[in-house]
Amino acid sequence: AGRLAGKRCFVTAAGQGIGRASALAFAAEGGSVLATDRDAAKLEGLAAQGIETAALDVLDDAAVAAAIAAAGPLDVLFNCAGFVHQNTVESCTDAEWDFAFGLNVRSMWQTIRATLPGMIARGGGSIVNMSSACSSVKGAPNRFLYGTTKAAVIGMTKSVATEYVTRGIRCNCLCPGTVDTPSLEERIAANAAAAGGLDQARAAFVARQAMGRLATAEEMAALVVYLAAPDSTFVTGQAIVIDGGWTL
Ligand code: NAD
């Protein structure tokens, strides 16, 4: 049996990137997985791996509550949904601010709040939130709003861990460096003109990593599984940096 045998696992933003890799890794460890994404088309292919799928926009509070209630009591919640704005304190717009805090922070409050009663009733659970090395851990150029929201995720993680530590519920977050995912390709494309080409824009992301390469989504999923599974029973409230040496 795998490390998540018998565990009910819920994943947001599981259509691509780290969320998808994590849903697949949960299933490979024997978990009973419900993979959700705003874009149902991106979930295609997961069912063939024994994963249940459902369309879910985490910005829709009522839909979040209904989806989590329908999933049944959860053992594992992985809050992966988030968006990376490339802006500065001066260029950030009001609309960007509201959108990023809604998606990157508020949606996690909603999913966690909906999940807790079931975890409390069952006497435990593991909540894993997606933060970033760009947060309270470190600053990064052109990541004003992103880093601000991801720092809030660390604060939320520690608060939830503190509140429920005596009830068997753990809450941790991961703080990745740069991971090769579809949305990273979009950020590279957006930077291409300023960088002098696509290759140069990509090289700038690679250069941030002391290891000289980007991470794979599977490398992130390995940490997500560790935090979700009983391997990490004594770990709570932590912001775990997984960044190829970016913060060295
Ligand atoms: P991605 O950005 O390529 O994909 C994001 C997924 O989220 C898509 O499938 C999209 O449909 C879904 N999504 C968007 N809005 C949604 C909503 N409102 N409700 C539900 N789903 C929604 O994936 P990624 O790059 O693996 O990023 C996933 C998470 O990891 C994000 O929180 C991101 O901030 C974080 N992260 C990524 C990196 C990186 O370098 N890629 C680094 C650190 C942290």
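Residues numbered from 1 in each chain as written. Predicted model: local features only at pLDDT ≥ 70, side-chain atom pairs only at ≥ 80, totals over all residues.

The name given to the chain in an unreviewed UniProt entry is SDR family oxidoreductase, and the organism recorded there is Siccirubricoccus deserti. As recorded by UniProt, the Sequence similarities (unreviewed entry) comment attached to the chain reads in full: "Belongs to the short-chain dehydrogenases/reductases (SDR) family." (UniProt positions renumbered as here; feature names shortened; annotations may be inferred.)

1. Side note on the site of the ligand
Near the ligand lie 30 residues; those nearest to it are Ala-13, Gly-15, Gly-17, Gly-82 and Ser-183. Of all the secondary-structure elements, those providing two or more residues to the shell around the ligand are helix H1 (17-28) and helix H5 (182-195). Residue composition of the shell around the ligand, grouped by class: 15 nonpolar, ten polar and five charged. Each of domain 1 (8-177 + 216-237) and domain 2 (180-214) gives at least three residues to the shell around the ligand. (Near = placed C-beta within 6 Å. Helix = DSSP H or I, 4+ residues; strand = E, 2+ residues; numbered from the N terminus. Nonpolar A, V, L, I, M, F, W, Y, C, P; charged D, E, K, R; others polar. Domains from an automatic or database assignment.)

2. Observations regarding the environment of Ser-91
Its place among the elements puts Ser-91 in the loop between strand E4 (76-79) and helix H3 (94-122). Residue Ser-91 is classed as exposed on the basis of its C-beta count, with 12 C-beta atoms lying within 10 Å. Ser-91 sits 112 residues away from Ala-203 along the chain, and the two C-alpha atoms are 24 Å apart. (Buried ≥ 20, exposed ≤ 12 C-beta atoms within 10 Å, placed from the backbone.)

3. A look at the domain arrangement of the chain
Here the domain parsing of the chain yields domain 1 (8-177 + 216-237) and domain 2 (180-214). Centre-to-centre separation of domain 1 and domain 2, based on C-alpha positions: 24 Å. Taken together, the contacts link eight residues of domain 1 with eight residues of domain 2. (Contact = placed C-beta atoms within 7 Å.)

4. Let's talk about the packing of helix H2 (residues 61-71) against H3
At a minimum axis distance of 9 Å, the contact between H2 and H3 shows a crossing angle of 35 degrees. Crossing angle aside, the handedness with which H2 passes H3 is right-handed. Residues Asp-61, Val-64, Ala-65 and Ile-68 of H2 form the contact with H3, whose participating residues are Gln-110, Thr-111, Ala-114 and Thr-115. Of the residues that constitute the contact of H2 with H3, the class distribution is four nonpolar, three polar and one charged. (Axes fitted to C-alpha atoms, helices over the stretch in contact; angles between N-to-C directions. Left-handed = near helix turned anticlockwise from the far one by under 90°.)

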